[in-house]
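# A look at the structure
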Amino acid sequence: MAKNKQHPKTIFICQQCGKESPKWLGHCPECNQWNTFIESVVRTTKRGSISQIPAGEALELDQVIIESRPRLILHSKEFNRVLGGGIVPGSLVLVSGDPGIGKSTLLLQISSTISQDNKKVLYVSGEESASQIKLRATRLGITGEGLYILPETNIEAILQRMEELSPALVVVDSIQTVAVDELDSAPGSVGQIRECTMQLMHKAKTSGIPILITGHVTKDGTIAGPKILEHIVDVVLCLEGENFSTYRLLRSIKNRFGSTNEVGIFEMKSKGMIELDNPSKVFLSERPQDTIASAVVPTLEGSRPLMVEIQALTTTTSFGLPRRTTNGIDFSRLILVTAVLSNRAGIPLANQDIIINVTGGLKVSEPAADLGIALAIASSFYNAPIDSSLAAVGEIGLSGELRHVPQLDRRLSETSRMGFSQCLVPQTCLKDNSSTNIDLIGIHSLRQALKKALNRSKRPENSLGI
Ligand SMILES: Nc1ncnc2c1ncn2[C@@H]1O[C@H](COP(=O)(O)OP(=O)(O)OP(=O)(O)O)[C@@H](O)[C@H]1O
Ligand SMILES: [Mg+2]
């Protein structure tokens, strides 16, 4: 009997210019690039339309009906926030992160909460056996009703199971372990990742079932696989955190249905990823009173204000060249602030090693933290404490002037909520923020900020009594 199912054939495509070839070429004759050919599958059967419009037809925008399937709201407030209010039906979401950061843990917890709402969830794992997943689930206190575990790496088998089960959510852990039979290349290769993602995307769009996939990152921190992976999926989330710290930040890098500025904050515990209701409180909890070399800055992570503590240590250098070390801030920001402190505020830092640390393993990238960095360095250098009721925010210009920071009202409400009674702000921001229950101190220059913030009369004695 003749087979009516046509087998797909494999070809090689140049990733730069799209030239096709029946065999692998090291050098592309079209765009002259080297090593750009990847194996791909050509399907002779049509994939068909992925929406209400029949394949090949165009519809006037006015006639397009918005499909009113509601978002899948998760129990996790933080995950919902990062997605922009729950998972959109038929969307493909990539969760990437370093090895061991907690991707599988987080997705297992998310799956469990969906299954508790009497919905089916298909959890596909190509990395772990069913008993390993069960072991983790037991540790996390997850019971399994409605949560179907499928240890599988073959994409056709996964799609088949999805068809039969018709779940409310599918998790594929990880995209680097699944493969299509037609390609000879190993799972995790560029061609395999591309083809599997395309198939999952097509399935998600035609069935309306949202799919969460996890992805590895390479040594330099980028998502492993082709850049096209990030283009295909609807949402790219990144789970970040330092090895030594238990805090995890879920950051949105791309989101077709919401803002990319949002950040979810979790703590990794033996019971799994626990949401932090009041992250500012947690990050400031170990800060001593009237401490030296520590400044608190109301920063913004997306639209969320977050109080962070910046610490500095200055010591006379033992080497010819002074060393600068940063943890949690951009190195170039420290160089800028140090140069302005030396040249505009007259603090002789040329022979000082400087270490900067943002506590809790957080990363602060916005220039609004400049003033906090400068105050922490000056406080350490003069051994003069900063009043513990004082917070500070402002970008420092190269002339030593303080510059405007965005969304000051949000920052100030968090500052006030955390019990701070005063805040140093750039003078230019004062006119926008007259009504607040914090004592706002408008500052023109870095020099003026140092005079206001450093309490040199309270200089504590050191252990030697000098
Ligand atoms: N018993 C435990 N108590 C506390 N934390 C644990 C325990 N077991 C595992 N962990 C934490 O869980 C982390 C592993 O989490 P998980 O497997 O979800 O990470 P992952 O990002 O999926 O890793 P991979 O990239 O290997 O798939 C470990 O690094 C560890 O920090
Ligand atoms: Mg994992």
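Scroll up to find the structure this text is about.
Since the structure is predicted, the reported quantities are computational estimates derived from the model, not experimental observations. (Residues numbered from 1 in each chain as written. Chains lettered and ligands numbered in written order. Predicted model: local features only at pLDDT ≥ 70, side-chain atom pairs only at ≥ 80, totals over all residues.)

This paragraph deals with the overall build of the chain. Summing up its helical and strand segments, the chain has 12 helices and 21 strands in all. Long-range pairs, those at least 24 residues apart, make up 67% of the contacts in the chain with a sequence separation of at least 6. (Helix = DSSP H or I, 4+ residues; strand = E, 2+ residues; numbered from the N terminus. Contact = placed C-beta atoms within 7 Å.)

Inspection of the region around ligand 1 gives Gly97, Pro99, Gly100, Ile101, Gly102, Lys103, Ser104, Thr105, Glu127, Arg139, Met268 and Ser270 as its neighbouring residues. With 3 residues, the single largest contributor to the shell around ligand 1 is helix α2 (residues 103-116). Its residues assigned to classes, the shell around ligand 1 shows 3 nonpolar, 6 polar and 3 charged. (Near = placed C-beta within 6 Å. Nonpolar A, V, L, I, M, F, W, Y, C, P; charged D, E, K, R; others polar.)

Right, let's get into the nonpolar core. Counting residues in hydrophobic clusters, the biggest one holds 56 residues, and the most contacted among them are Val93, Val170, Val172, Ile211 and Leu237. Dropping the residues within four chain positions of it, Val93 is found in contact with Ile87, Pro210, Leu212, Val233, Asp234, Val235 and Leu237. Formed by 54 residues, the second largest nonpolar core is a distinct cluster that contains Ile329, Leu375, Leu390 and Ala391. (Core = buried A, V, L, I, M, F, W, Y, C linked by C-beta atoms within 7 Å. Buried ≥ 20, exposed ≤ 12 C-beta atoms within 10 Å, placed from the backbone.)

Moving on, we come to the environment of Ala293. Secondary-structure assignment places Ala293 in the loop between α7 (279-284) and β13 (294-301). Taking the C-alpha atoms as reference points, Ala293 and Ser380, separated by 87 residues in sequence, lie 4.4 Å from one another. In this view, Ala293 contacts Gln311, Ala312, Leu313, Ala376, Ser379 and Ser380; residues no more than four positions away in its chain are not counted.

The element strand β9 (residues 235-240) is largely enclosed, with a buried count of 5 among its 6 residues. Of the pairings in the sheet, the one linking strand β4 (residues 92-97) to β9 comprises 5 bridges and is parallel in character. By the bridge assignment for β9, Leu94 is matched with Val236. Note: β9 against strand β10 (residues 247-255), 6 bridges, orientation antiparallel. Looking at β10, one finds that Val236 is bridged to Lys254. In sequence, β9 turns back onto β10 through a hairpin of 6 residues. (Pairing = 2+ DSSP bridges.)

Before going further, it helps to spend a moment on the pairing of strand β14 (residues 304-316). Inspection of the sheet shows β13 paired to β14 by 8 bridges, in the antiparallel sense. Within β14, the residue paired with Val297 across the bridge is Val308. Strand direction decides the pairing type here: β14 and strand β16 (residues 352-358), joined by 7 bridges, are antiparallel. Counterpart to Leu313 in the pairing with β16 is Ile355.

Next up on the list: the packing of helix α4 (residues 155-165) against helix α5 (residues 190-207). Angle between the axes and distance between the axes: these two values describe a pair of packed helices. Where α4 meets α5, the closest approach of the two axes is 11 Å, and the angle between their N-to-C directions is 10 degrees. Relative to α5, α4 is oriented roughly parallel. Relative to α5, α4 is oriented so that their crossing is right-handed. In this structure, α4 contributes Ile155, Leu159 and Met162 to the contact, and α5 contributes Cys196, Gln199 and Lys203. Its residues assigned to classes, the contact of α4 with α5 comprises 4 nonpolar, 1 polar and 1 charged. (Axes fitted to C-alpha atoms, helices over the stretch in contact; angles between N-to-C directions. Parallel < 35°, antiparallel > 145°, perpendicular 65-115°, else oblique. Left-handed = near helix turned anticlockwise from the far one by under 90°.)

Strand pairing in a sheet is mediated by backbone hydrogen bonds. Such pairs are either parallel or antiparallel. If you trace the 4 strands from one edge of the open sheet to the other, you get β13-β14-β16-β15, paired in mixed fashion. Each edge of the sheet is formed by a strand with only one pairing partner; in this case those strands are β13 and β15 (324-327). Across the sheet, the mean angle separating the axes of adjacent strands is 20 degrees when strand polarity is ignored. Each of β15 and β16 touches helix α8 (residues 331-343); the most contacted strand, β15, lies at about 130 degrees to it. Against the sheet, helix α9 (residues 370-382) contacts β13, β14 and β16, and its axis sits at roughly 35 degrees relative to β14.

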